[in-house]
Amino acid sequence: YAKYIPNPVISLRTSDPLNSSQEDSGLYLAVGLSIQVWDGLDRQRNVRRQKEILRQFELDSEKVEYTLAVTWKSAQNNHHICSLDSRASEAQLEIARLRAERDKIRHDGGTLPVHQLQENRLKYLQTRQQAMAKNLDRNLSILYLRHLSGNLRDAFVDSEALSAQLRRGDAPQRQVSGNSP
C-alpha cells in the first residue's frame, strides 16, 4: 500500500526558448504531490511473476522428492539383489566345501591323485573368494541404505548428548568406545 501514498514533487524549469512571445525569461519553481492513478498493469505482472516463481519452486521440490524416491528404491533393489547373490554364493561355498572334504577323503584312500586334489582345493578357494566378495557387496548395500535413511549417523553419533553439550556451550568430546568398527 506504500505506492498509494502521494510522492512529493519539486520541479525547477526555465521558460520555453522556442516561444519568443514571452519577454520574461526566468526560473519557475513548482512544488506538489504526485498520486499514481494507473500503474500500467505492474501489479498483475508482479502477481503473475510471483505465481511462476512459486510454481517453479513446487516443481523443483517435486523433482527432489522424485529423485530421493528413485534413489531409495534403487538402493533397496540393489540390496535385495546383493542379498540373493550372497545367499546363492554361500550355498555354492557349502557345496564346494563338501566336495573338498570328499576329495580329501578320496585322496587319503588313494583314489585321487595329488594334482587333482590341489585343483579342487583351488576351486574351493576361488568359490570362497567369490562368496566373500558377494558378502562385501551385500554389506556395502546395507551401509548405503543406512546412509540414505540417516540411521548410519545415529548409530555412531549420540545426537541428543551432542546437542546437550552444544546448548551448555561445552566443546564436544570425542569418545572412543571398545566396540566401534
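Residues numbered from 1 in each chain as written. Predicted model: local features only at pLDDT ≥ 70, side-chain atom pairs only at ≥ 80, totals over all residues. Heavy atoms only, no water.

## Examining the overall build of the protein
Scanning the protein from N- to C-terminus turns up 4 helices and 2 strands. Secondary structure of the protein in N-to-C order comes out as β-β-α-α-α-α. (Helix = DSSP H or I, 4+ residues; strand = E, 2+ residues; numbered from the N terminus.)

## A closer look at the environment of Ser149
Examined against the element boundaries, Ser149 turns out to sit in helix 2 (residues 114-149). Residue Ser149 is classed as partly exposed on the basis of its relative accessible area of 46%. Separated by 77 residues in the primary sequence, Ser149 and Trp72 have C-alpha atoms spaced 8.5 Å apart. (Buried < 20%, exposed > 50% of the residue type's maximum accessible area, 1.4 Å probe, protein only.)

## Considering the pairing of strand 1 (residues 7-14)
By the criterion of burial, strand 1 is predominantly exposed, with just 0 of the 8 residues buried. Note that strand 1 and strand 2 (residues 27-34) share 8 bridges and pair antiparallel. In the sheet register, Ser11 faces strand 2, and the bridge partner there is Ala30. (Pairing = 2+ DSSP bridges.)

## Focus: the pattern of salt bridges
Considering all chains together, one arrives at 6 salt bridges under this definition. For Glu52, the salt bridge goes to Arg55, with nearest N and O atoms at 3.2 Å. Here Arg55 and Glu52 lie together in helix 1 (residues 42-109), a separation of 3 residues that amounts to about one turn. Overall, Glu52 belongs to the partly exposed group, its relative accessible area being 44%. Across the salt bridge formed by Glu101 and Arg97, the nearest N and O atoms sit 3.2 Å from each other. In this pair, Glu101 and Arg97 both sit in helix 1, 4 residues apart, roughly one turn of the helix. What makes Glu101 partly exposed here is its relative accessible area of 43%. Salt bridges sharing common partners tie together Glu94, Arg97 and Glu101. (Salt bridge = Lys/Arg side-chain N within 4 Å of Asp/Glu carboxyl O.)

## Side note on the confidence of the model for the protein
Per-residue pLDDT for the protein has a mean of 83; in total, 81% of the residues score no lower than 70. Confidence scores differ between elements of the protein, with helix 3 (residues 151-156) showing the lowest mean pLDDT of 71 and helix 2 the highest of 93. Every residue in residues 176-181 scores below 50 in pLDDT, and together they form 1 contact with partners more than four places removed in sequence or on other chains. (pLDDT = per-residue confidence, 0-100. Contact = heavy atoms within 4.5 Å.)

## Remarks on the layout of surface pockets
What the second largest pocket holds in volume is close to 220 Å³. Surrounding the second largest pocket, Gln92, Ile95, Ala96, Arg99, Ala100, Arg102, Asp103, Asn120, Lys123, Tyr124, Thr127 and Gln130 form its lining. Counting only elements with at least two residues in the lining of the second largest pocket, the list comes to helix 1 and helix 2. Split by residue class, the lining of the second largest pocket holds 4 nonpolar, 4 polar and 4 charged. (1 Å grid on protein atoms, 1.4 Å probe; cavity = no way out; pocket = protein on both sides within 12 Å on 5 of 7 lines; lining within 4 Å. Points joined across faces, edges and corners; volume = space filled by probe spheres on them. Nonpolar A, V, L, I, M, F, W, Y, C, P; charged D, E, K, R; others polar.)

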